[in-house]
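Breakdown of the fold
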Amino acid sequence: ESMIADIAKQIKEQNVQFDAIMGVTRGGMIPAILFAEMFEVRNILAATVIFYTDDGSRFYGLQEPRFLYFPEDLLVTGMRILVVDDVWDTGRTVRAVRDRVSRAGGIPYVCTLHYKPNKSDFSNEKPDFYSQLTDDWIIYPWERLSPSFQQTQNGK
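Notes on the structure in this doc start here. Since the model is a prediction, treat every value here as computed from it, not as a measurement. (Residues numbered from 1 in each chain as written. Predicted model: local features only at pLDDT ≥ 70, side-chain atom pairs only at ≥ 80, totals over all residues. Heavy atoms only, no water.)

With 12 residues, helix H3 (residues 92–103) extends 16 Å from end C-alpha to end C-alpha; this agrees with the ideal 16 Å at 1.5 Å per step. What H3 keeps buried is the set Thr 93, Val 94, Arg 95, Ala 96, Val 97, Arg 98 and Val 101. Of the surrounding secondary structure, the elements contacted by the buried residues of H3 are strand S1 (20–24), strand S2 (44–50), strand S3 (66–69), strand S4 (80–88) and strand S5 (107–115). Two residues or fewer after H3 comes Gly 105, characterised by a positive phi angle close to 95°. (Helix = DSSP H or I, 4+ residues; strand = E, 2+ residues; numbered from the N terminus. Expected span 1.5 Å × (residues − 1). Buried < 20%, exposed > 50% of the residue type's maximum accessible area, 1.4 Å probe, protein only. Contact = heavy atoms within 4.5 Å.)

Relative to the assigned elements, Val 110 resides in strand S5. When the C-alpha positions of Val 110 and Arg 98 are compared, they lie 6.9 Å apart, and in sequence the two are 12 residues distant.

This paragraph deals with helix H2 (residues 29–39). For H2, the complete set of buried residues consists of Pro 31, Ala 32, Phe 35, Ala 36 and Phe 39. Projection of H2 onto a plane perpendicular to its axis shows the buried side chains occupying an angular sector of 145°, all on one side. (Arc of directions from axis to C-beta.)

Quick look at the packing of aromatic side chains now. Applying the stated criterion across every chain yields a total of 6 aromatic pairs. Each ring, one from Trp 88 and one from Tyr 115, has its centre 6.0 Å from the other, and the planes form 90°; the classification is edge-to-face. In this pair, Trp 88 is assigned in strand S4 and Tyr 115 in strand S5, connecting sequence segments 27 residues apart. Residue Trp 88 is classed as buried on the basis of its relative accessible area, which comes to 1%. (Phe/Tyr/Trp six-rings, centres within 6.5 Å; stacked < 30°, edge-to-face > 60°.)

Right, let's get into the environment of Phe 39. Looking at the element boundaries, Phe 39 is found in helix H2. Sequence separation between Phe 39 and Phe 18 is 21 residues; the distance between their C-alpha atoms is 8.4 Å.

Another point: the sheet that holds S5. A sheet is described by the order of its strands in space; here 6 strands give the open sequence S3-S2-S1-S4-S5-S6, paired in mixed fashion. Of all strands in the sheet, those with a lone pairing partner are S3 and strand S6 (129–133), marking the two edges. The mean angle between the axes of side-by-side strands here comes to 25°, regardless of whether they run parallel or antiparallel. Direction of pairing for S4 relative to S5: parallel, over a ladder of 8 bridges. Looking across to S5, one finds that Trp 88 is bridged to Tyr 115. Where helix H1 (residues 2–13) meets the sheet, its contacts fall on S4, S5 and S6, and the angle it forms with S6 comes to roughly 135°. The strands touched by H3 within the sheet are S1, S2, S3, S4 and S5, with S4 carrying the most contacts at an inclination of about 170°. (Pairing = 2+ DSSP bridges. Axes fitted to C-alpha atoms, helices over the stretch in contact; angles between N-to-C directions.)

Moving on to the pairing of S5. Most of S5 sits out of view: 7 of its 9 residues are buried. Once you follow S4 into H3 and on to S5, the crossover reads as right-handed. (Right-handed = clockwise from strand over helix to strand, strands pointing away.)

This is how it looks when you write it as structure tokens:
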């Protein structure tokens, strides 16, 4: 919650308002809901994207993020959209969503809890809003419910 408040302060300082909030599955969904509550935005969208597995390896060796679901263009066109993901690691996933919002006629703003500039594939780009810089592997509280996480904790 403190990272959400930190980012919300940045957003308020720039006097930006959003028509919708788009959570990137899975890591961006819980933060997206928290931002929706904080900014009283009821238009919540989801972009279902696969690229990485829970252990950080590429999902089935994908070279680029793959969309399983993206809202219809008419839900995005002309809208200022806060695109929320948990972390900008390589930047590929959230950039793919940002670019798709733009192609659909929306105005995207990218927000992540963590930004890893030393891991990013895009040295000249970063999220519009983020809370913390890191190079560490991050386990978010909601990830602790995953069987993959529980197996690593039990040594399996």
